[in-house]
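Structural overview
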Amino acid sequence: MIQLLFNTLSLAAAYSLLAIGFVLVLNATGAVNLAHGSFVVVGGFLAAGLGSWLKLPGAVVLPIVLAGMMIIGGLLSLIAYYPLRNRPAVSVFISTLSMSAILETATLLIFGPSPRVGPPILSSGAIQVGDVALNVQSLSTVLLAVVLVAAQYVIFSRTVLGKRLRAVAEDREMARALGMNVNAMIVITFGIAAALAGAAGLMFANTFYITPGDGEAYMIKTYVAATMGGWGSLRGAIVGALFVAAFEVLVPSLPLAMPSLVGALPSLEALFSPIASTIWLYLAFLVVLFFRPQGLFGEAVQQRA
Amino acid sequence: MSRSAHVRPLLGAVGLCLLASWPLIMSSPYDLRLFTLAGVFAILAIGYQFIFGNVGELSLSQGAFFGLSAYVSGILAVKAGADFPQSFAASIIVCVLLAVLVSIPVLRLSTHYFALATLGVGQVLLLVAIEWQSLTGGAIGLSGVPLPKLFGVQVARGWPLLLFVWCFVALAAMVAFQVKRGLYGLACHVVRQNAVAARSLAIDPDSIRFAMFLLSAAMAGVAGALHAHTIRIVSPEGLDFKVMIACLTMAVIGGRTHIWGAIAGALLVVHLPEWLRGFQQSYLIITSSVLIAILIVAPEGLAGLVDRLLPPQRSKSPDSDGLSPIQDRTSDGVLMPSETPILAVRELTKTFGGVHALNNVSFSLMRGSIAAVIGPNGSGKTTLVNCITGNYRADSGAILLGGGEIGALGSDEIAARGVGRTFQNLRLVDDMTVLDNVAVARFRAEAATLGKSFLIGRRDEKLSRARSHALRVLRRVGLEHAADVNCASLAHGTKRLVEIARAICLDPAVLLLDEPAAGLNETEQAELARLLEALAARGLTLLIIEHNMEFLKNLATHMVCLDYGELIASGRPSAIYQDERVIEAYVGRRQAAEATA
Amino acid sequence: MRFARRIMLAATALLSSSALAQETSLTVPIIAPITGLLALEGTSQLNGANMAIAHAPAGLKIKSQVIDSGTAAEGGANALERVAGDKSTYFSVAPLFGTQVLAMLPVALEYKIPILAPTGTGPVTEQGNPYMFRLYPHDAVSKAAHIRYVVEELKLKKAAILYNTTGYGQSGFKYMSEYLTKVGGEVIFSEGVDLSAKEISATLAKLKAAKPDVVLIQMHSASIAMVVKQLAAANIQIPVVGNTTIAMPATASLLQPSELKGVCAESASWLEKGADAATDRFINDYVSKHGAMPDAYAIQQYDGLMMALVAVKGGAKSTEDVRKYMSTTEYKGVAMRYKADAKGNLAHSVVIVCYDGASLNPKLVKRYDNVAGF
């Protein structure tokens with residue numbers, strides 16, 4: 001059970017990176033980036049490609065992945081967001097969806113259709129803590145996610161660039177009036193979001209492998225996490241990620257926690273199948289919205305002008 | 001404009017000819033099949049426009065209704081041997097029932113939450129379809145769905161099926177046309193652009209959204225059933241998010257609100273990948289690039305692009321249509337306030353996060369009087385208006401209209417009972433003409449409903465009456481000349497006047513004006529004052545929120561002054577102007593401000 | 001005797017092909033899902049088909065046309081409609097995606113065009129369609145062999161079954177559990193996992209708690225690799241007998257040899273060099289072109305398409321001729337002998353391969369020929 005809790009935490013850590021990037025773009029642009037799942041795919045393949053070529057662990061490859069993803073994220077914003085910045089938000093919906101098809105097909109063409117395995121962040125294997133074997137990869141996933149979230153926090157709260165990025169996220173018009181280059185800030189925000197998603201891709205590629213078609217599933221999970229927490233709230237994104245991860249790992253394992261109940265009613269087991277758990281996730285989402293129509297932490301995003 | 005007036009009908013005719021000749025020219029069985037499928041998706045997209053276009057809600061469940069309907073049709077046909085009319089009707093009914101069920105928790109949510117909650121519907125249905133193998137055939141699907149059979153005649157593949165499907169496209173287009181062109185469609189437009197304004201005009205956005213959601217689901221039901229009978233299999237792929245994406249793409253690429261845009265979008269989205277299929281995997285890259293290019297060139301969709309290049313001819317004013325305007329029967333009366341209170345506010349209190357925006361405010365308005373609420377910025381004036389009109393719910397206290405309590409009603413109900421208002425930050429619909437902006441206020445009076453709009457004949461009588469009423473009001477406020485102009489191009493002062501005209505068109509008993517003189521020059525102010533006096537003389541009660549003392553001086557018959565949410569003075573203007581607390585609140589603070597500046 | 005004569009005829013046609021100077025031109029449509037979630041298997045199918053065209057009997061002028069069937073149910077049917085009317089098209093390669101094949105069947109029947117699909121999922125040959133030819137063993141066949149190996153050779157009867165909730169996974173699960181029950185075994189735990197699901201530790205924890213003797217799997221590449229990897233990581237020492245995807249080189253390359261130790265897989269076909277010249281030629285050319293051994297989808301597609309090409313070479317001049325040839329002739333491919341039964345199932349052989357823990361290439365341990373379905 002402790003093992004499963006730990007897996008939940010590690011999964012939530014990786015999802016947090018996705019959800020935070022998603023929310024950063026959302027706050028800066030007021031638009032949803034539906035190519036976010038493809039960043040995971042591209043980052044994962046980048047890590048897998050570099051890892052098998054250089055034979056180096058993920059932690060060493062990571063800076064290259066982050067840099068590469070920043071460029072890809074920035075380019076994506078120039079193609080799919082910049083020309084449409086004054087258009088209805090739903091145009092960006094479609095353009096980012098199209099970009100995600102382009103990114104994933106390009107990945108397919110370059111790397112082929114086979115799943116790939118990424119390098120472990122530090123090493124594979126497990127360390128024994130008492131009678132629980134903790135996977136080094138899961139452990140380092142949590143550590144790396146914490147480091148990246150902390151780095152993101154420091155950049156946004158302590159640097160001049162971060163202050164500008166935040167100003168743009170809080171009020172684009174005001175930031176423009178103050179003479180900031182709003183468009184450049186948005187390109188950088190996309191870059192940071194892509195880098196965080198790419199880092200998540202690096203983590204996933206080792207544990208779960210990565211295939212060119214994986215983007216949509218990651219996208220939907222990110223969307224759920226970010227929305228459940230509250231549209232535009234970074235704290236909410238992290239809580240939302242935890243929520244999604246819990247429904248993926250803990251809910252299906254509930255029969256283990258109460259074997260007597262399941263023993264008495266074997267048909268109950270079907271209620272905790274992975275498929276059923278996904279259904280519970282959406283129902284839980286509706287329940288959350290029923291009591292808190294603005295998500296767990298409330299709205300924080302500026303309305304798009 | 002005259003050029004586009006000629007070109008647009010021509011363009012429409014050419015478009016129809018192209019559409020009709022498409023399957024004649026590209027007539028291989030493969031082309032016919034694609035054209036048939038495009039028809040199915042056109043119905044889906046036309047249906048989607050009701051919720052996404054007409055009322056502007058980003059619903060992501062259209063694909064779910066589509067897939068569900070396909071399953072219902074397929075299961076009934078394969079497992080129960082149902083005829084096409086039976087399975088077809090059943091699919092639509094099931095979709096509408098699900099839409100009713102879903103709308104209870106979901107329709108009250110705002111945009112993104114609504115989008116994701118509706119997406120969840122599709123995901124849940126998809127998982128159920130995969131898991132419930134005994135019924136649905138599981139992930140591989142259920143094959144052997146027959147071709148549609150009507151009155152014992154099987155509709156064969158190729159031309160018969162194509163015509164069969166496109167008959168439904170025509171039907172769907174007609175339904176959409178009926179819904180869009182009348183007064184009801186105008187109300188949808190206001191709901192989409194400005195739900196708060198709609199409420200102030202006694203239009204209930206929730207019931208319109210609900211109706212549009214159901215109509216969308218019903219259309220998705222039609223499309224889904226036809227899809228199952230066209231491709232002869234039902235499978236989880238029909239519930240996949242990709243179907244929803246395709247539908248959304250059709251609506252956005254074609255144009256959100258134009259029927260032909262949905263058809264063009266469907267034709268394009270179905271055919272584009274097929275035409276490019278020769279490029280093996282890379283066709284996906286090319287298709288997506290083309291879509292992005294279209295979005296950049298025509299961000300409002302292909303229909304929007306045509307509108308931009310050839311602006312649509314404005315609908316003509318009703319009197320030039322030969323509908324003789326009814327003469328103003330009432331002559332201007334004399335300003336004669338009565339002694340019966342029409343609106344009474346009792347001990348009203350409203351707090352925001354512990355701060356009293358209104359604290360124990362009481363006053364009443366006499367019928368036919370012109371009352372003014374004054375007070376410095378942030379004194380609670382607009383909060384007061386918003387409480388009376390139901391935009392805010394007061395924490396305690398009572399609001400009585402003609403003796404009846406209205407404090408618990410929604411703002412559209414309050415408007416329907418005769419409280420009209422204007423907004424400090426103008427809430428007009430910019431992409432609608434002045435005339436239509438005003439005419440839509442007749443929605444409740446004309447009792448326009450979705451059901452009745454299906455039965456519209458050559459022209460919507462309700463809309464004609466509403467427009468001629470609106471034209472009379474515009475004439476009274478001196479804006480007749482601007483009737484056919486889009487609101488977006490008006491000057492600020494004119495917009496204020498249009499808002500007043502719109503509120504008058506509602507035929508209210510009480511009219512609340514939130515800073516009507518702001519942004520007007522002195523001549524305009526004087527004209528406005530004359531207009532308001534004339535309105536009051538006919539028995540309309542006015543409550544004006546205003547800073548501009550000069551404007552109010554000769555206008556108001558009664559005044560109340562608010563400061564920090566408290567009513568500090570109430571009485572005749574001359575008395576108020578002498579009141580020390582009022583002077584203190586206004587002058588004192590201004591001097592203090594100037595001193596620090 | 002008559003069969004033997006037919007084989008002789010086919011063989012002579014093949015051998016004498018170079019002697020005939022005149023060329024027969026034909027178009028071969030290859031409809032396969034080369035994008036989307038089945039792109040891996042679809043690409044193998046495409047590679048096998050391309051190799052068959054490259055190795056086609058001399059005297060055939062072949063124009064191949066690759067059409068992606070994508071992910072939509074109607075993807076295959078649209079594509080078939082596109083190519084079916086053509087005079088020089090005698091048959092079509094169909095996707096391994098069962099749903100798409102089901103949607104193609106009415107079109108194939110209408111145009112009377114044979115379709116060759118390397119899919120194992122149950123219902124495609126149950127529709128009474130004479131133009132459907134299944135190049136991959138029916139799941140009823142391959143899963144019977146799968147279970148027979150577990151029960152007869154490994155003597156294990158308490159099984160846990162993991163499968164993907166795709167047509168492929170559900171079909172495999174259905175036949176495995178039915179056959180296992182029939183031969184006296186018991187499914188003590190089973191769970192369907194979505195193809196896009198990543199974190200499966202809860203499922204594995206439940207599996208472990210159920211204490212099965214053997215783990216049976218019917219999953220796609222990334223999912224099955226994940227299961228094997230996590231079972232190894234958690235040190236769960238239960239024999240694993242999976243489906244063909246774990247035998248695919250693309251899947252094996254995701255794992256360490258140690259993680260694969262003792263893992264067995266059912267597969268349609270298994271090729272080793274040195275069997276005969278045709279097999280060597282296929283393996284050599286495939287490996288040099290794609291850098292990996294062909295997997296079962298590539299092999300079955302290669303054989304099946306070659307069989308149809310031989311039919312054309314042997315004088316088939318119409319779709320009907322090809323259908324007759326495919327449904328009556330026995331053909332020896334590189335992997336096995338193909339002979340259509342009444343429903344159009346061509347392949348009836350299944351192999352079991354196992355990894356030894358030292359290499360990423362499994363070894364053949366058991367071969368089942370002419371397996372009867374159930």
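Nothing here was measured: the structure is a model prediction, and the numbers come from that model.

**Considerations on the overall build of chain C**
Looking only at helices and strands, one finds 12 helices and 14 strands in chain C. The C-alpha radius of gyration of chain C comes to 20 Å, within 12% of the 21 Å expected for a compact globule of 374 residues. C-alpha atoms of chain C, sized along the principal axes, occupy 65 × 40 × 40 Å. Looking at the 374 residues of chain C, the share that counts as buried comes to 64%. For chain C, the accessible area works out to roughly 12,800 Å², and carbon and sulfur atoms hold 54% of it. Positive and negative side-chain charges in chain C, numbering 36 and 31 respectively, have mean positions lying 4 Å apart.

**Brief notes about the overall build of chain A**
The number of helices and strands found in chain A is 13 helices and 2 strands. When the backbone C-alpha atoms are referred to their principal axes, chain A occupies close to 65 × 50 × 35 Å. Expressed as a percentage of contacts within chain A between residues at least 6 apart in sequence, the contacts between residues at least 24 apart total 77%. Taken as a whole, chain A presents about 11,500 Å² of accessible surface, with 70% of it coming from carbon and sulfur.

**Examining the nonpolar core**
F204 of chain A together with I208, M212 and L248 of chain B are the most contacted members of the largest nonpolar core, which has 304 residues in total. The element best represented in this core is helix 1 (residues 2-29) of chain A, accounting for 16 residues. Excluding residues within four positions of it along the chain, M212 of chain B makes contact with F50, I51, N54, V55, V179, Y184, C188 and L450 of chain B. Y90, V93, A298 and A347 of chain C belong to the second-largest nonpolar core, a separate cluster that totals 46 residues.

**So, the packing of helix 7 (residues 159-181) of chain B against helix 10 (residues 205-231) of chain B**
Residue and element names in this part refer to chain B. Helix 10 packs onto helix 7 with a crossing angle of 175° between their chain directions and a minimal axis gap of 11 Å. With respect to helix 10, the axis of helix 7 lies roughly antiparallel. In this structure, helix 7 uses L161, F164, V165, F168, A172, V175 and V179 to contact helix 10, whose residues at the interface are M212, L215, M219, V222, L226 and T230. Across the contact of helix 7 with helix 10, the residue classes break down as 12 nonpolar, 1 polar and no charged.

**Overview of the interface of chain A and chain C**
Contacts between the two partners involve 30 residues from chain A, matched on the other side by 30 residues from chain C. The junction of chain A with chain C conceals about 2,300 Å² of combined surface from both sides, 66% of it contributed by carbon and sulfur atoms. Summed over the three residues of chain A that lose the most area to chain C, namely P115, F208 and Y209 of chain A, the buried surface amounts to 26% of that side. Summed over the shared surface of chain A and chain C, the number is 1 salt bridge. Measuring nitrogen to oxygen at the nearest pair gives 3.1 Å for the salt bridge that ties K198 of chain C to D214 of chain A. Our count for the chain A to chain C interface comes out at 5 residue pairs in polar contact (both at pLDDT 80 or more). Contributing elements (two or more residues each) for the side of chain A that touches chain C: helix 1, helix 8 (182-207), helix 9 (215-229), helix 10 (234-249), helix 11 (254-257) and helix 13 (274-291) of chain A. Here the side of chain A that touches chain C is built from residues that sort into 17 nonpolar, 8 polar and 5 charged.

**So, the pattern of salt bridges**
Residues and elements named next belong to chain B. If you walk through the whole model with that rule in mind, you get 29 salt bridges over all chains. Residues D206 and R199 are paired through a salt bridge, measuring 3.2 Å at the closest nitrogen-oxygen approach. Using a relative accessible area of 23% as the deciding quantity, one classes R199 as partly exposed. For E446, the salt bridge identified is with R465, shortest N-O distance 3.0 Å. Residue E446 is located in the loop between helix 17 (434-439) and helix 18 (450-454), and its partner R465 is located in helix 19 (residues 461-476); the two are separated by 19 residues in the primary sequence. The buried category is assigned to E446, whose relative accessible area is 12%.

**Focus: the side chain of S269 of chain C**
All names here are of chain C. With respect to the secondary-structure elements, S269 resides in the loop between strand 10 (264-267) and helix 10 (277-290). By relative accessible area, which is 2% here, S269 ends up buried. There is a polar contact of 2.9 Å between the side chain of S269 and the side chain of Q300. Residue contacts for S269: discarding those within four places in its chain leaves A296, I299, Q300, A335 and V351.

**Observations regarding the domain arrangement of chain C**
Residues and elements named next belong to chain C. Annotation of chain C at the domain level lists domain 1 (2-137 + 272-343) and domain 2 (140-267 + 351-368). The gap between the C-alpha centroids of domain 1 and domain 2 is 29 Å. Between domain 1 and domain 2, the contact holds 18 residues from the first and 18 residues from the second. Of the roughly 1,300 Å² buried between domain 1 and domain 2, counting both surfaces, carbon and sulfur atoms make up 65%. Between the two partners, domain 1 and domain 2, sit 0 salt bridges. Counting the contacts that link domain 1 with domain 2 gives 2 residue pairs in polar contact (both at pLDDT 80 or more).

**Remarks on the side chain of N54 of chain B**
Turning to its location among the elements, N54 of chain B is positioned in helix 2 (residues 29-54). In contact with N54 of chain B, not counting residues within four places along its chain, are Q49, V179, K180, C188, H189, R192 and M212 of chain B.

**Points about the environment of L144 of chain A**
Residues and elements named next belong to chain A. Tracing the sequence through the fold places L144 in helix 5 (residues 136-158). The class of L144 is buried, set by a relative accessible area of 13%. Filtering out sequence-adjacent residues up to four positions away, L144 remains in contact with L62, I121 and M203.

**Quick notes on the environment of L122 of chain A**
With respect to the helices and strands, the residue L122 of chain A is situated in the loop between helix 4 (89-111) and strand 1 (126-129). Residue contacts for L122 of chain A: discarding those within four places in its chain leaves P57, A59, V136 and S140 of chain A.

**Quick notes on the confidence of the model for chain A**
Residues and elements named next belong to chain A. Here chain A averages 85 in pLDDT, while 94% of its residues score no lower than 70. Within chain A, helix 2 (residues 36-54) carries the highest mean pLDDT (92), whereas helix 12 (residues 259-264) carries the lowest (65). Within the model, pLDDT remains below 50 along residues 300-305, and this stretch shows 25 contacts once partners closer than five positions in the same chain are excluded.

**A short note on the state of the cysteines**
Taken as a whole, this structure holds 1 disulfide over all chains when the rule is applied. Between the sulfur of C264 of chain C and that of C354 of chain C lies a disulfide, 2.0 Å long from S to S. When the S-S torsion is 100°, as for the bridge of C264 of chain C with C354 of chain C, the disulfide is right-handed. With C264 of chain C in strand 10 and C354 of chain C in strand 13 (residues 350-354), this pair connects stretches of sequence that are 90 residues apart. For the residue pair C264 of chain C and C354 of chain C, the accessibility class agrees, reading buried in each case. You can see C17 of chain B has no disulfide; the closest cysteine sulfur is in C167 of chain B, sitting 18 Å from it.

**Observations regarding unusual backbone geometry**
Residue and element names in this part refer to chain B. Backbone geometry places E347, a non-glycine residue, at a positive phi of 50°. E347 sits in the partly exposed class, given a relative accessible area of 49%. The backbone of D507 shows a phi angle near 55°, a positive value even though the residue is not glycine. With respect to the element layout, D507 can be found in the loop between helix 20 (492-505) and strand 11 (510-514).

**Focus on the packing of helix 3 (residues 58-81) of chain A against helix 4 of chain A**
When two helices pack together, their arrangement is given by the angle between their axes and by how far apart the axes lie. All names here are of chain A. Between helix 3 and helix 4, the least distance of the axes is 9 Å, while the angle of their chain directions is 135°. Comparing the axis directions of helix 3 and helix 4 gives the class oblique. In this structure, helix 3 meets helix 4 at a crossing whose hand is right-handed. Seen from helix 3, the contacting residues are I72, L76, I79, A80 and Y81; seen from helix 4, they are V92, S95, T96, M99 and L103. Of the residues that constitute the contact of helix 3 with helix 4, the class distribution is 8 nonpolar, 2 polar and no charged.

**Points about the interface of chain B and chain A**
At the interface, 39 residues of chain B touch 38 residues of chain A. Carbon and sulfur atoms supply 78% of the area that chain B and chain A bury against each other, a total of about 3,500 Å² over both sides. Three residues, H112, Y113 and L116 of chain B, lead the burial of chain B against chain A; their summed loss comes to 20% of the area buried on that side. Across the chain B-chain A interface, the total number found is 1 salt bridge. Here E216 of chain A makes a salt bridge to K242 of chain B, at a shortest N to O gap of 3.4 Å. Here chain B is connected to chain A by 1 residue pair in polar contact (both at pLDDT 80 or more). Sorting the residues of the side of chain B that touches chain A by element identifies helix 5 (111-131), helix 11 (241-254) and helix 13 (283-297) of chain B as the ones contributing at least two each. In terms of residues, the side of chain B that touches chain A owes the most to one element, helix 5 of chain B, which gives 12 residues. A per-class count over the side of chain B that touches chain A returns 24 nonpolar, 9 polar and 6 charged.

Criteria and cut-off values
Residues numbered from 1 in each chain as written. Chains lettered and ligands numbered in written order. Predicted model: local features only at pLDDT ≥ 70, side-chain atom pairs only at ≥ 80, totals over all residues. Heavy atoms only, no water. Helix = DSSP H or I, 4+ residues; strand = E, 2+ residues; numbered from the N terminus. Rg over C-alpha atoms; globule rule 2.2 N^0.38 Å. Buried < 20%, exposed > 50% of the residue type's maximum accessible area, 1.4 Å probe, protein only. Areas by Shrake-Rupley, 256 points an atom, 1.4 Å probe, with all protein chains shown as cover. Lys, Arg positive; Asp, Glu negative; His and termini not counted. Charge placed at Lys NZ, Arg CZ, Asp CG, Glu CD. Contact = heavy atoms within 4.5 Å. Core = buried A, V, L, I, M, F, W, Y, C linked by side-chain atoms within 4.5 Å. Axes fitted to C-alpha atoms, helices over the stretch in contact; angles between N-to-C directions. Parallel < 35°, antiparallel > 145°, perpendicular 65-115°, else oblique. Nonpolar A, V, L, I, M, F, W, Y, C, P; charged D, E, K, R; others polar. Buried area = accessible area lost by both parts, 1.4 Å probe. Salt bridge = Lys/Arg side-chain N within 4 Å of Asp/Glu carboxyl O. Polar contact = N/O pair within 3.5 Å; in protein donor to acceptor, adjacent residues only side chain to side chain. Domains from an automatic or database assignment. pLDDT = per-residue confidence, 0-100. Disulfide = S-S within 2.5 Å. Left-handed = near helix turned anticlockwise from the far one by under 90°.

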